[in-house]
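Descriptive analysis of the structure
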Amino acid sequence: MSFNHIVIQNILRDKWTYVSYFLSSMFSIIIFFLFTVIVFHPSLTSLDPDSTLGLALMLASLLIYLFSFIYIAYSIMAFLKKKTKTLGIFMITGASMKQIRTLVFRENILIGVLAIITAIILGLVISPLFLMGAKVVLNAETFGMYFPMKAIMLTIALFLVLFVVISKVMTRFINKEASIQLLKSDVVIEKSIKPHYLLLFISIMISIGLGCFLKRDHDIVGSLFYVAFFVSVLCTIYLIISQGMRFLLKAFERSSAYMKQTNMLLASNLNAKMKSHANILFLITLLLSGVFLSTSILFSSYYNVKKDSEENYPYSVQYIATPKADPSMVEADIESIEKQLSTVDSHKFFIEFKSNEERRIGYMSVSDYNLLHTEKESLGTNEFIAVAGNRKTLPITNVSDDTYLQHFKLISVNEKNLLTTGFQKTYFIVPDKVYNSIKYPVYKAYLFELDNWTAHTELAKKIIKNFPHIYEERYVTSKIELYDAEMFTKSVMFFIGSMLSLIFLSAAMSILYFYLQTTLLQEKEKYAGIRKLGLSKKELFTVVSKELAILIFVPFAIAITMLFATLFAMRTMVSAAFLQVSMMSSLCFFALFFVSYIFIRKSYFKRLLSL
């Protein structure tokens, strides 16, 4: 019998240990392969690598590869833990550490190569559908099918290196003494979790304090503060899970329900594996928290694009001519724009304002201001209105040092941006007579508002292309073009985030599967002994169902609680759409987890009873 034959037989005899490792690795490789199919698509050969799409796709590929590296490393560690007893048998029969490490290395390389080949074959099968979806999401005109030779070669090269490096490094963690000791004792008793309630309280207070400071003064904190806040949150989550689990179990043991039905057996089982359960709950909670939060942000980001575009650029097309602009050029430009807009329903406004160019403060007559609003304003001789010139920036209201308005009375403030954001800091709306007396340069603004403006993207792009900015002469902007650009950015974010969320969900389920696999043999022997004492299959099913429910739904509940706690803390910064999307996505994820729970429970219980 050759060494390679031993490797293959070792895999086949314990194939279920390798199933999750193989499937999760294959899934990570498929996602990476599909991204590279888009990156190397012929339609993107002229794409600037420094553009938004180029950077986003390359960054996504890098993130997926890095996550795959970490995740596959975890998978191998779980595999080694499961195989420790088997490796101990090889050692007792005379195998050297070099042979053991070679055996494990070849097993992992074989599984890795099979995962790469299978992932590429499946990727080629589903890539036409994936490209169709990418075409819709990224709003690409041509995204047809092609044979992705570059994507295949890159995927094979990178993941082959990944499996070789990880397999080499991880085999160094094989411990001869631990393997033999486990083989002799057959059972490893976990250390119980010690009470650290004071540490938990301190950790919660630190996290809350850092969070409140971040919310209040987020503009002045540095990157080191964010790291400290992130670490404190991680510590708090782990302590809540571990100490909460210990406290609830102790409280349950003192309750009257403890002696009923199979509750005593369930509590005993949870106590025996309290530490490992807490670690698994912590890992799954972190993955699910990232999935829920990112999914809510990605989906809800679509809801505010239109509103944000209107707040930055209030009009469909805005043409501002400076005092230095050639009148004949302006006249020809406006005539051309009107001609292009003649095919759609639109409304034209012409206003002017004078600008203190040094302070970037605009002055507008109340007559022109009323042209832009349905509610008409009237001003007394010494009254004015302050209107915002920048989005999310309050207008200037102190006019004590203003040449013309220092003795005027402010009657109202309009926080809604008047023209293109940032063109002027503030606009002062004054009586017509006062406006005529102001000796500042005159700017002329031609404003066009289109009905159903989001449907006229191509028209807006054409106008912006034909009339680019000319410094100190004309400035042309469009909320339609901004809306299209922002929607594209959100689409790229959604495209990337969705794929990453799928990987995180896959990782969460795979981690749980690995954990169940590593304890399966020990659990089978334990329950076989208990059944000899009279435990029925129904009672065993109840205990297993409750334990699996804790492992699956407790992390889900904690992650959902953290999501809505975050939303509550940011309630003044998030829209109602964000809350609605979060609720809908939570319900969808709950349905997915419930189906997963039914499937895992049935499969695990069946294998638990098998010989």
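Refer to the structure presented above.
Residues numbered from 1 in each chain as written. Predicted model: local features only at pLDDT ≥ 70, side-chain atom pairs only at ≥ 80, totals over all residues. Heavy atoms only, no water.

1. Some points on the overall build of the chain
Note the cut-off: Numbering of helices and strands runs from the N terminus, with a helix taken as a DSSP run of H or I at least four residues long and a strand as a DSSP run of E at least two residues long. Only protein chains enter the calculation, and the probe is 1.4 Å; a residue is then buried if its accessible area is under 20% of its type maximum, exposed if over 50%, and partly exposed in between. In what follows, a contact means two residues having at least one pair of non-hydrogen atoms within 4.5 Å. Areas reported here follow the Shrake-Rupley algorithm with a probe of radius 1.4 Å; residue values treat only the protein chains shown as occluding.
In terms of helices and strands, the chain carries 18 helices and eight strands. Every one of the 611 residues in the chain was classed for burial, and the buried ones make up 46%. Restricting to contacts in the chain with at least 6 residues of sequence separation, those with at least 24 account for 84%. A total of about 31,900 Å² of accessible surface is found on the chain, and carbon and sulfur atoms cover 65% of it.

2. Observations regarding the sheet that holds strand 6 (residues 426-430)
Strands belonging to one sheet form pairs held by backbone hydrogen bonds; the direction of such a pair is parallel or antiparallel. Filter applied, for reference: Whether two strands pair comes down to DSSP finding at least two bridges between them. Inter-axis angles, ranging from 0 to 180 degrees, are taken between N-to-C directions of lines fitted to C-alpha atoms, where helices are fitted over the stretch in contact.
The eight strands are arranged 5-4-6-3-2-7-1-8 in an open sheet whose pairing can be described as mixed. Edge positions in the open sheet fall to strand 5 (409-414) and strand 8 (474-477), since each of these has one partner strand only. On average, adjacent strands in this sheet sit at an angle of 25° to one another, irrespective of strand direction. Pairing geometry for strand 1 (residues 317-321) and strand 8, over four bridges, is antiparallel. Residue pairing for strand 8: I320 is matched across the bridge by Y475. Its contacts with the sheet put helix 12 (residues 327-340) on strand 1, strand 2 (346-356), strand 7 (442-450) and strand 8, and the angle it makes with strand 1 is roughly 170°.

3. Thoughts on the side chain of H456
As for its placement among the helices and strands, H456 is situated in the loop between strand 7 and helix 15 (457-466). Residue classification places H456 among the buried positions, given a relative accessible area of 19%. Setting aside its immediate chain neighbours within four residues, H456 contacts V344, L450, D451 and I480.

4. Some points on the nonpolar core
To be explicit about the condition: Buried residues of nine kinds, namely Ala, Val, Leu, Ile, Met, Phe, Trp, Tyr and Cys, make up a nonpolar core once their side-chain atoms join them within 4.5 Å.
Grouped together as the largest cluster of nonpolar side chains are 88 residues, with contacts concentrated most on F159, F163, L288 and F292. Top contributing element to this core by residue count: helix 16 (residues 479-532), with 17 residues.

5. Thoughts on the side chain of S355
Counted only if it meets this: Whenever two N or O atoms come within 3.5 Å, that pair is a polar contact, provided that in protein one can donate a hydrogen and the other can accept it, and provided that, for residues adjacent in sequence, both atoms are side-chain atoms.
Looking at the element boundaries, S355 is found in strand 2. When its relative accessible area of 1% is taken as the criterion, S355 is described as buried. Among the polar contacts made by the side chain of S355, one reaches the side chain of Q424 at a distance of 2.9 Å. Beyond its immediate chain neighbours, meaning those up to four positions away, S355 contacts I361, G362, Q424, Y440, P441 and Y443.

6. What about the packing of aromatic side chains?
Using the following cut-off: Between rings of Phe, Tyr and Trp, where Trp is taken as its six-membered ring, a pair exists when centres lie within 6.5 Å; planes separated by under 30 degrees are stacked, by over 60 edge-to-face, and by other angles tilted. A ring is scored as having a charge over it whenever the NZ atom of a lysine or the CZ atom of an arginine sits within 6 Å of its centre and within 35 degrees of its normal.
Scanning all chains against the criterion turns up 22 aromatic pairs. Summarising the aromatic geometry, the rings of F556 and F593 are spaced 5.3 Å apart at their centres and angled 45° between planes, so their arrangement reads as tilted. Linking F556 in helix 17 (residues 537-569) with F593 in helix 18 (residues 576-609), this pair joins segments that are 37 residues apart in sequence. As far as the burial class goes, F556 and F593 line up, both buried. Joined through ring pairs, the aromatic side chains of F553, F556, F590, F593, F594 and Y597 make up one cluster. Between K354 and the ring centre of Y435, over which it is positioned, the NZ or CZ distance is 4.6 Å.

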